[in-house]
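Structure at a glance
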Amino acid sequence: MVRKYSFGNPFPTDAVIKHYPAEQDSLPYFAIKEGSLYYPLPADVPVYGLGEQVRGINKRGWSYTSNCSDDPHHLETTHSLYGAHNFLLVGGSSPFGIFIDYPGQLTFDIGYTQKDLLIITPENWDLDLYVIEEEDGLLTSIVHTFRQMIGRSYIPPKWAFGYGQSRWGYKTEEDIREVAAKYKEADMPLDAIYLDIDYMEQYEDFTVSEEKFPDLPRLAADMKKQGIHLVPIIDAGVKIKEGYSVYEEGLEKGYFCKEEDGTPFVGAVWPGRAHFPDMLNPDARRWFGMKYKVLLDMGIDGFWNDMNEPAIFYSEKRLNQVFDEVAALKGQNLDMEKNDHFLSLVNTLANNPEDYRSFYHEPGNGLPKIRHDKVHNLYGYNMTRAAGEAFEELEPDKRILMFSRSSYIGMHRYGGIWQGDNLSWWSHLLMNVKMMPSLSMCGFLYTGADLGGFGADTTEDLLLRWLEFGIFTPLMRNHSALGTREQEAYRFSNKAALRNIIRLRYCLLPYLYSEYMKAALNDTMLFAPLAFGYPSDPHASQVEDQLLLGESLMLAPVYQPNTTGRYVYLPEEMLLVTTSGPEDLRFEKMTAGHHYVPAAEHELIFFVRKGHLLPLAEAAENVENVDASVLKAIAYTGTDTNAVCSYTLYDDDGYGKDYNDPSHLSVIHIEADGTVSCEGSEERTITPCFICS
Ligand code: GLC
């Protein structure tokens, strides 16, 4: 059951796609006092949600702010990352969900100020609030209802489930060809190479450097022959430069965000001075979205949208003030206070809240112009929506890969997200693990972190362990920053280990794709905390480093250096699979409870749940060559010898949009005596490779 409460004059975010009449009676659960919502949190009640945020799966104990931020410091004490996902799920014996549809700054103080209080504070009270409860009292049912409210998650092309290589630092066509050749030489599968900002002419969106990439269509075609897709980056800021058509058109049509006096706002990003398209204005949005055609026409079929919080290195106005103030300090004795002030002048130039208060959007549809900070969290969402809506128009029958850095709930219908500028830290591998279920709750199914870590120098063991988790995340991309250690998988000494782990991704693909499609089409979670699958197990809610993935798997990644195994909690008996690659699958039945499970650096462990089945394909050099008609299957019936394991496999061509065609479904049954049957219109050969009886 969903109840909606409206306060003030909410800005239409289009996050919720269903219509709910606003309730007139008072809000349940919460007291409203002095501009905040208060809910007394019983001890032991976990609080889930918030999507892309720091800390645990259970969010208690910290204060989180929805304020899309370009902040590369993903620390335990960080308050905001790139997304604003205002959905919370309060557990306990009568759980409920709350979604606050509010595009301004919003703070969720979950037992930080006072251990037993949840305090939610919006900057102002123009908002819609939804309370979700379900009769069965299940967390999964509440999430399901919420996901139905916000609409179907984005579905990428199937090739986007392959392994991708990226680096801020590939500067020329030769660099790209070299990456492809080196992967081939190392016999490592690869489906995508990402183009970072250097492919553009002076960081101008929708241009290609003639000098560095003289013939992008040919390069894209050559790569595609090898099964590799090129995925260029698009940034939010449009360079101010006479003669640059995107700038000139945007200016002429009045499509850039403007200051109070109507002059376009000037902020700087990679190209220096830039204007920011008014992504909240439907005409400007359409105009910007249609620009992707330039690259689609060159044979490009995937993009990543960046710097769309929007990130601003400095505003023209503030920069001038800072120069004046710094000049005034010259020759003075800089004591502690003055030195602090001096340092803060430059340090607060980027992403300054005052700058966000100095420009406006014209949302059209009879709505008055609105100051950016009041709708700040919608910018990245609407940049990605611009692209998504244009793709529908330009390529109605084809899926285009799209993922964004900044997001708000609602954007999950147009694209995925990557988890931003993490570091090559073990703790960031664990953060990646913890973020996956929170993002699933909020509809962001197509997601993953920069594997190996973006900033700082990676190490071989970290990359390997991160890939061992990354092979399960829908977006599986190795990406790193300019100036850091190069981290393409072929650069490290134990190539065989890295190769085998990457190849495993392709074996898992039929399952991963099938679970993804079912989660998207049925509005369910892809990754879930253990407590969601085992609601009556009191220990399950304590587990922060294991996840359920789809219906059959439990993951227990190794995320510590110099370890050759880990402790795992099993809520019920399960089948342990230990593997160092497609040719090496080992099985062990495990009882419920705590276990120490060995996993050498090159080995991956995961668990098949009782009564479930895992289909596996042969490894392949790319997604196109994965053959889902010849499958092996691991079936774990548990100790019940009469049990049958059944699995509904979803498979399609991976490009089209006839998602609900029944021919995409096959049902596989494996009995404890090894009898296999498969219903469905596709011919499939299924060989059991492990059956527990
Ligand atoms: C931002 C992105 C990062 C990208 C870099 C250069 O920091 O988050 O992924 O490599 O910009 O474009």
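What you are looking at is a predicted structure, and each value in this text was computed from that prediction instead of being measured.

Around the ligand, the neighbouring residues are Trp 168, Asp 196, Ile 197, Ile 233, Trp 270, Trp 304, Asp 306, Arg 405, Trp 418, Asp 421, Phe 454 and His 479. A distance of 2.5 Å separates an oxygen atom of the ligand from a polar atom in the side chain of Asp 421. Separating an oxygen atom of the ligand from a side-chain N or O atom of His 479 is a distance of 3.0 Å. When the ligand is considered free in solution it has 310 Å² of accessible area, and contact with the protein chains removes 98% of it. Here the shell around the ligand is composed, by residue class, of 7 nonpolar, 1 polar and 4 charged.

Moving on, we get to the domain arrangement of the chain. Under the domain assignment used here, the chain contains domain 1 (2-150), domain 2 (314-349) and domain 3 (512-692). Taking the mean C-alpha position of each, domain 1 and domain 3 sit 32 Å from one another. Taken together, the contact pairs 13 residues of domain 1 with 13 residues of domain 3. Summing both sides of the interface, domain 1 and domain 3 together bury roughly 1000 Å²; the carbon and sulfur share of this comes to 64%. When the buried surface of domain 1 facing domain 3 is broken down by residue, Tyr 48, Ile 57 and Arg 147 rank first, second and third, together holding 49% of it. For the interface between domain 1 and domain 3, the tally reads 0 salt bridges. On the surface where domain 1 and domain 3 come into contact, there are 6 residue pairs in polar contact (both at pLDDT 80 or more).

Time to look at the packing of helix α12 (residues 460-470) against helix α13 (residues 495-522). α13 packs onto α12 with a crossing angle of 10 degrees between their chain directions and a minimal axis gap of 9 Å. Comparing the axis directions of α12 and α13 gives the class roughly parallel. Here Leu 463, Leu 464, Leu 467, Glu 468 and Gly 470 of α12 lie close against α13, whose contacting residues are Ala 497, Leu 498, Ile 501, Ile 502 and Arg 505. Tallied by class, the residues present in the contact of α12 with α13 amount to 7 nonpolar, 1 polar and 2 charged.

What the 3 strands build is an open sheet, ordered β38-β39-β40; its pairing is antiparallel. Each end of this open sheet is capped by a strand with a single partner; those strands are β38 (644-650) and β40 (676-679). Strand after strand, the sheet turns through a mean of 15 degrees between neighbouring axes, direction not considered. Pairing geometry for strand β39 (residues 665-671) and β40, over 4 bridges, is antiparallel. Within β40, the residue paired with His 669 across the bridge is Ser 677.

Our focus in this paragraph is the packing of helix α7 (residues 316-329) against helix α8 (residues 336-347). Taken N-terminus to C-terminus, the directions of α7 and α8 make an angle of 155 degrees; their axes are 10 Å apart at the nearest point. Overall, the two elements α7 and α8 adopt an arrangement that is roughly antiparallel. Between α7 and α8 lies a crossing of left-handed hand. Across the interface between the two elements, Val 322, Glu 325, Val 326 and Leu 329 of α7 pack against Lys 338, His 341, Phe 342, Leu 345 and Val 346 of α8. Looking at the contact of α7 with α8 residue by residue, the classes come out as 6 nonpolar, 1 polar and 2 charged.

Following the UniProt record, one finds the feature "domain: Glycoside hydrolase family 31 TIM barrel" (unreviewed entry) at residues 154-514. Its end C-alpha atoms 15 Å apart, residues 154-514 is made of 38% helix and 14% strand.

Moving on, we come to unusual backbone geometry. Between Glu 309 and Pro 310 the backbone carries a cis peptide bond, its omega angle lying at -5 degrees. Secondary-structure assignment places Pro 310 in the loop between β18 (302-306) and β19 (314-315). The backbone of Met 307 shows a phi angle near 55 degrees, a positive value even though the residue is not glycine. Within the secondary structure, Met 307 sits in the loop between β18 and β19.

What UniProt calls "domain: Glycoside hydrolase family 31 N-terminal" (unreviewed entry) maps, in this numbering, to residues 37-109. Measuring from the first to the last C-alpha atom of residues 37-109 gives 10 Å, for a span that is 0% helix and 38% strand.

Turning our eyes to something else, we now look at the pattern of salt bridges. Opposite charge on two side chains allows them to pair when their charged atoms are near. Overall, the coordinates contain 41 salt bridges when judged by the stated rule. Of the charged contacts, one joins Glu 354 and Arg 318 as a salt bridge, the two residues approaching to 3.2 Å between their closest N and O atoms. Linking Glu 354 in helix α9 (residues 353-356) with Arg 318 in helix α7, this pair joins segments that are 36 residues apart in sequence. Judged by relative accessible area, Arg 318 falls into the buried class, the value being 13%. Residues Glu 551 and Lys 518 are paired through a salt bridge, measuring 3.5 Å at the closest nitrogen-oxygen approach. One end of the pair, Glu 551, is in the loop between β29 (547-549) and β30 (553-555); the other, Lys 518, is in helix α13, and 33 residues separate them in sequence. Since its relative accessible area comes to 13%, Lys 518 is described here as buried.

With that settled, consider the environment of Pro 28. With respect to the helices and strands, the residue Pro 28 is situated in the loop between β1 (2-7) and β2 (31-33). Apart from residues lying up to four places away in sequence, Pro 28 is in contact with Arg 3, Tyr 5 and Val 131.

In terms of burial, strand β31 (residues 565-570) is largely enclosed, as 5 of its 6 residues are buried. The pairing of β31 with strand β34 (residues 593-598) spans 6 bridges and is classified as antiparallel. Bridged to Arg 566 within β34 is Val 597.

Spatially, the 4 strands line up as an open sheet ordered β15-β17-β16-β19, and their pairing is antiparallel. With one partner strand each, in any of the chains shown, β15 (238-239) and β19 form the two edges of the open sheet. Direction of pairing for strand β16 (residues 267-269) relative to strand β17 (residues 272-275): antiparallel, over a ladder of 3 bridges. Of the residues in β17, the one forming a bridge with Val 269 is Gly 272.

Tallied over the entire structure, the rule returns 43 aromatic pairs. Consider the rings of Tyr 20 and Tyr 130, whose centres lie 6.0 Å apart with planes at 75 degrees: the pair is edge-to-face. With Tyr 20 in the loop between β1 and β2 and Tyr 130 in strand β11 (residues 127-132), this pair connects stretches of sequence that are 110 residues apart. You'll find Tyr 20 and Tyr 130 in the same group, each marked buried. Aromatic pair Phe 265 and Phe 276: ring centres 6.1 Å apart, planes at 40 degrees, arrangement tilted. Taken together, the residues span a long stretch of sequence, with Phe 265 in the loop between α4 (245-253) and β16 and Phe 276 in the loop between β17 and α5 (282-290) at a distance of 11 residues. The same class applies to Phe 265 as to Phe 276, namely buried. A connected cluster of aromatic rings, assembled from ring pairs, spans Tyr 154, Phe 161, Tyr 194, Trp 304, Phe 403, Trp 418, Tyr 446, Tyr 513, Tyr 516 and Tyr 650. Sitting over the ring of Trp 304, Arg 477 keeps its end group 4.3 Å from the ring centre. Looking at Arg 477, its charged tip hangs above the ring of Trp 418, at a distance of 5.3 Å from the centre.

Conventions used here
- Residues numbered from 1 in each chain as written.
- Predicted model: local features only at pLDDT ≥ 70, side-chain atom pairs only at ≥ 80, totals over all residues.
- Heavy atoms only, no water.
- Near = heavy atom within 4 Å.
- Polar contact = N/O pair within 3.5 Å; in protein donor to acceptor, adjacent residues only side chain to side chain.
- Areas by Shrake-Rupley, 256 points an atom, 1.4 Å probe, with all protein chains shown as cover.
- Nonpolar A, V, L, I, M, F, W, Y, C, P; charged D, E, K, R; others polar.
- Domains from an automatic or database assignment.
- Contact = heavy atoms within 4.5 Å.
- Buried area = accessible area lost by both parts, 1.4 Å probe.
- Salt bridge = Lys/Arg side-chain N within 4 Å of Asp/Glu carboxyl O.
- Axes fitted to C-alpha atoms, helices over the stretch in contact; angles between N-to-C directions.
- Helix = DSSP H or I, 4+ residues; strand = E, 2+ residues; numbered from the N terminus.
- Parallel < 35°, antiparallel > 145°, perpendicular 65-115°, else oblique.
- Pairing = 2+ DSSP bridges.
- Left-handed = near helix turned anticlockwise from the far one by under 90°.
- UniProt positions renumbered as here; feature names shortened; annotations may be inferred.
- Buried < 20%, exposed > 50% of the residue type's maximum accessible area, 1.4 Å probe, protein only.
- Phe/Tyr/Trp six-rings, centres within 6.5 Å; stacked < 30°, edge-to-face > 60°.
- Lys NZ or Arg CZ within 6 Å of the ring centre and 35° of its normal.

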